[in-house]
Amino acid sequence: MKARRLLYIGGLLGVGLLGYHLAAPPGPARRAEAAVTETAPLPQDPFRRCATKALRGDYGPLQEWQRVGYQRGLEKGATPLPVWVTTYYPEEGFARGEATASGYGCSERVAAANLLPRWCFVWLPSVGLRQVLDCGARANDRVAQRRGAACWVDLWEPRRGALFGDDNGGVQTAWVISRRR
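Residues numbered from 1 in each chain as written. Predicted model: local features only at pLDDT ≥ 70, side-chain atom pairs only at ≥ 80, totals over all residues. Heavy atoms only, no water.

A.B. asks: Which parts of the structure should I look at to understand the sheet that holds strand β6 (residues 168-177)?
C.D. replies: Whenever strands of a sheet pair, they do so through backbone hydrogen bonds, lying parallel or antiparallel. The strand order around the closed barrel built from 6 strands is β1-β5-β2-β4-β3-β6, with neighbouring strands paired in mixed fashion. Across the sheet, the axes of successive neighbouring strands diverge by a mean angle of 45°, strand direction being ignored. In the sheet, strand β3 (residues 121-124) pairs with strand β4 (residues 128-134) via 4 bridges, with the strands oriented antiparallel. Bridge assignment links W123 to a residue of β4, and that residue is L129. With respect to the sheet, helix α4 (residues 64-76) is in contact with β3, β4 and β6, its orientation differing from that of β4 by roughly 105°. Across the face of the sheet, helix α5 (residues 139-146) comes into contact with β1 (79-88) and β5 (151-156) while running at roughly 115° to β5. (Pairing = 2+ DSSP bridges. Helix = DSSP H or I, 4+ residues; strand = E, 2+ residues; numbered from the N terminus. Axes fitted to C-alpha atoms, helices over the stretch in contact; angles between N-to-C directions. Contact = heavy atoms within 4.5 Å.)

Dropping the structure here:
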């Protein structure tokens, strides 16, 4: 009965059971933290600016993994890195919910990379926050490096062209948030 109720609530909130966790509603401490942030000037760094706005609620409620990623990036730092961005999607055989290398299902949370540590977060201004939960062909890293990028990042999208109009977002700056800093 409890599991059925969670499924129902998750459905109402638009939260799938694909590795997402329901975020706790903001308590008094979190609201006070947000109030302080609202009056402080926003940082100039694009990641820090976005993370500050996301954590204070400017973009609506965050999922727990997003809150963790943005908070960790503000606390531990995020390193800008040139990455070659591509996409993968259901038409290539990667359906929503299909298990990734980490065991999480394909979703808008997922990024694949070989040279970035699994579980780290990657933020791209054009896409937002993703988490490295999958891996791919090693040849992609060599192609990325020939294109002037430090590494390759593949983003899951619900349909081909949803993010960039085709499979390739080109070389972009991504901010990488490590789990171990």
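From this point on, the discussion continues.
A.B. asks: Help me out: how do you make sense of the packing of aromatic side chains in this one?
C.D. replies: Counted by the stated rule, this structure contains 5 aromatic pairs. Between F47 and W123 the ring centres are 5.7 Å apart and the planes differ by 70°, which places this aromatic pair in the edge-to-face class. Of this pair, F47 sits in helix α3 (residues 46-55) while W123 sits in strand β3, and the two are 76 residues apart along the sequence. Classification of F47 by relative accessible area gives buried; the value is 1%. What makes W123 buried here is its relative accessible area of 4%. Feature note: the residues F47, Y70, W123 and W175 constitute an aromatic cluster, connected by ring pairs. Across from the ring centre of Y104, 4.7 Å away, lies the NZ or CZ of R109, which sits over that ring. (Phe/Tyr/Trp six-rings, centres within 6.5 Å; stacked < 30°, edge-to-face > 60°. Buried < 20%, exposed > 50% of the residue type's maximum accessible area, 1.4 Å probe, protein only. Lys NZ or Arg CZ within 6 Å of the ring centre and 35° of its normal.)

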